[in-house]
Amino acid sequence: MIVERGPELHTDSATVLTVGTFDGVHVGHQTILQYLRTRAKQQQGTATVLTFDPHPRTLLTGTQTPLLTTVEERAELLSEAGIERLVVLPFTRELAAMEAEDYVRDVLVGQIGLREMVVGYDHAFGRDRRGNIDVLRSMSGPLGFSVDQMPAALVDDAVVSSTRIRNALIDRGAVDESEALLGRPYALSGLVVKGDQRGRLIGFPTANLLVDPAKLIPLNGVYAVRVYWGESGYQGMLNIGFRPTFEGTERRAEVNIFNFSKDLYGQTLRLEFVKRIRDERKFNGVDALTAQLKSDKVKVLDVLGHTP
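Residues numbered from 1 in each chain as written. Predicted model: local features only at pLDDT ≥ 70, side-chain atom pairs only at ≥ 80, totals over all residues. Heavy atoms only, no water.

Engineer: Describe the overall build of the protein chain, listing the residues and the values that go with them.
Structural biologist: Secondary structure assignment for the protein chain yields 9 helices and 14 strands. With the principal axes as the frame, the protein chain shows a C-alpha extent of 75 × 40 × 35 Å. For the protein chain, the residues scored as buried account for 50% of the 308 residues in total. Counting only contacts in the protein chain whose residues sit at least 6 apart along the sequence, the fraction spanning at least 24 positions is 72%. For the protein chain, the computed accessible surface area is about 14,900 Å², with 48% contributed by carbon and sulfur atoms. (Helix = DSSP H or I, 4+ residues; strand = E, 2+ residues; numbered from the N terminus. Buried < 20%, exposed > 50% of the residue type's maximum accessible area, 1.4 Å probe, protein only. Contact = heavy atoms within 4.5 Å. Areas by Shrake-Rupley, 256 points an atom, 1.4 Å probe, with all protein chains shown as cover.)

See below:
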């Protein structure tokens, strides 16, 4: 997959395009991508995704929108989905203020080379989000492109959206629900950095992860996770939170990897969430915490289907 980062872009007149943030590349996105690939093959065109960085809502609200997928993660997922060209356009106030018609004519057609466009059921664009399917259809004839609109994807009789997935993870830590909506386990990566090293003193050494600050970290609590270090996979339990038993003040993600003793400092781990085990809570001393962690491990192993 070719990856281009704007604002300077090359024009490909065979572009079969879909546009959106595509945060999460969830099952609704995947339906659009599958159709996009089919149309590109039929048209002998280039299956292309235009996405934005930062997330438009982050710029417009001034508050970081927690990302289900960083741009790098999004690129990897889109490549796996068979996308041939990814255009990452800086989302600026100037871009947000563009009139819908100017955006279609100057950016999509003029810079990217739009031949055919595939959009979701609720696609909106341009200043005040005034652009919609009707605007695209009215411009398609004069500018020489075609447009297709895809219906909403439903899971449990509700529309699949990135916002729905974010809410499930932030409000409830519902990683099993998010997996159904994403079509795969929710995952995050982090660099292993030094922590307080208390875990090793009670028989549960942990790797303290430094995660991209834009990345969504689910609700505080203990989770069953699968841990990947390079090509190697392990089982583990992850604690997200402030370590209240030790009067912690910094939110951390710390993973205890089962049957593992290697030095991981400076290494990158990837975690896949399987199930939330319990809330984070304060215990009356180290002995009570240790007893709970032993109980947690039994539950995690049962969830993961493995024995120590």
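So that's the structure; there's more coming.
Engineer: Please set out the nonpolar core residue by residue, giving values where relevant.
Structural biologist: Soluble, globular proteins show a tendency: their nonpolar side chains are buried together. Ranked by size, the top nonpolar core spans 30 residues in total, and within it V227, L238, V255, I257, L269 and F273 carry the most contacts. Elements that contribute at least two residues to this core include exactly helix 7 (162-172), helix 8 (175-182), strand 9 (187-193), strand 10 (207-211), strand 11 (221-229), strand 12 (232-241), strand 13 (252-257) and strand 14 (268-278). Discounting residues that sit within four places of it in the chain, I257 has contacts with P205, V227, Y234, Q235, G236, L264 and L269. One finds L89, V107, V119 and F125 within the second-largest nonpolar core, a separate group that totals 27 residues. (Core = buried A, V, L, I, M, F, W, Y, C linked by side-chain atoms within 4.5 Å.)

Engineer: Talk me through the pattern of salt bridges; I want residue IDs and the actual numbers.
Structural biologist: Using the criterion set out here, one finds 16 salt bridges in the structure. The salt bridge involving R130 is made with E101; its shortest N-O contact spans 2.6 Å. Taken together, the positions of R130 in the loop between strand 5 (114-119) and helix 6 (133-143) and E101 in helix 5 (residues 100-112) put the pair 29 residues apart, joining distant regions of the chain. The exposure class assigned to E101 is partly exposed, which follows from its relative accessible area of 26%. Among the ionic contacts, a cluster of salt bridges with common partners joins E99, E101, R127 and R130. (Salt bridge = Lys/Arg side-chain N within 4 Å of Asp/Glu carboxyl O.)

Engineer: I'd love a proper account of the layout of surface pockets, names of residues and values included.
Structural biologist: Space inside the largest pocket adds up to approximately 1,100 Å³. Surrounding the largest pocket, 42 residues form its lining, G20, T21, H123, A124 and R129 being those nearest its centre. The set of elements that each furnish at least two residues to the lining of the largest pocket consists of strand 2 (15-19), helix 1 (27-43), helix 2 (56-61), helix 4 (93-96) and helix 7. Residues belonging to the lining of the largest pocket are distributed by class as follows: 20 nonpolar, 15 polar and 7 charged. (1 Å grid on protein atoms, 1.4 Å probe; cavity = no way out; pocket = protein on both sides within 12 Å on 5 of 7 lines; lining within 4 Å. Points joined across faces, edges and corners; volume = space filled by probe spheres on them. Nonpolar A, V, L, I, M, F, W, Y, C, P; charged D, E, K, R; others polar.)

Engineer: Tell me about the sheet that holds strand 12, and please be specific about residues and values.
Structural biologist: A barrel is described by the order of its strands in space; here 6 strands give the closed sequence 9-10-13-12-11-14, paired in antiparallel fashion. Taken pair by pair, the neighbouring strands of this sheet meet at an average axis angle of 45°, ignoring direction. Pairing analysis gives 9 bridges linking strand 11 to strand 12, with the strands arranged antiparallel. Looking at strand 12, one finds that G221 is bridged to I240. Lying over the sheet, helix 8 contacts strand 11 and strand 14, oriented at roughly 120° with respect to strand 14. (Pairing = 2+ DSSP bridges. Axes fitted to C-alpha atoms, helices over the stretch in contact; angles between N-to-C directions.)

Engineer: Pulling in residues and values, what's your account of a nonpolar patch on the surface?
Structural biologist: On the surface, a cluster of nonpolar side chains totalling about 270 Å² of accessible area is made up of Y121, L154 and V159. By secondary structure assignment, the location of L154 is in strand 7 (residues 154-155). Given a relative accessible area of 54%, L154 falls into the exposed group. (Patch = residues over 30% accessible without salt bridge, like charges linked within 9 Å, V, L, I, M, F, W, Y side chains within 5 Å.)

Engineer: How would you sum up the packing of helix 7 against helix 8? Please name residues and give values.
Structural biologist: Contact geometry of helix 7 with helix 8 gives a least axis separation of 9 Å together with a crossing angle of 165°. Accordingly, the angle class assigned to the pair helix 7 and helix 8 is roughly antiparallel. You can see that helix 7 and helix 8 cross each other, and the crossing is left-handed. Where helix 7 approaches helix 8, its residues R164, I165, A168, L169 and R172 are matched on the opposing element by V175, E177, S178, L181 and L182. Residues of the contact of helix 7 with helix 8, tallied by class, amount to 6 nonpolar, 1 polar and 3 charged. (Parallel < 35°, antiparallel > 145°, perpendicular 65-115°, else oblique. Left-handed = near helix turned anticlockwise from the far one by under 90°.)

Engineer: If you had to explain helix 1 to someone new, which residues and values would you point to?
Structural biologist: Compared with an ideal rise of 1.5 Å per residue, which puts 17 residues at 24 Å, helix 1 spans 24 Å between its outermost C-alpha atoms and is within 8% of the ideal. Along helix 1, the residues that are buried comprise V27, G28, H29, I32, L33, L36, R39 and A40. (Expected span 1.5 Å × (residues − 1).)

Engineer: So what about the packing of aromatic side chains? Which residues, and what values?
Structural biologist: Two aromatic rings are characterised by how far apart their centres lie and by the angle between their planes. Per the stated rule, a full pass over the model turns up 6 aromatic pairs. With a centroid separation of 5.7 Å and an interplanar angle of 80°, the aromatic rings of F52 and F91 are classed as edge-to-face. With F52 in strand 3 (residues 46-53) and F91 in the loop between strand 4 (85-90) and helix 4, the pair connects residues that are 39 residues apart, well separated along the chain. F91 matches F52 in its accessibility class, with the two residues each being buried. (Phe/Tyr/Trp six-rings, centres within 6.5 Å; stacked < 30°, edge-to-face > 60°.)

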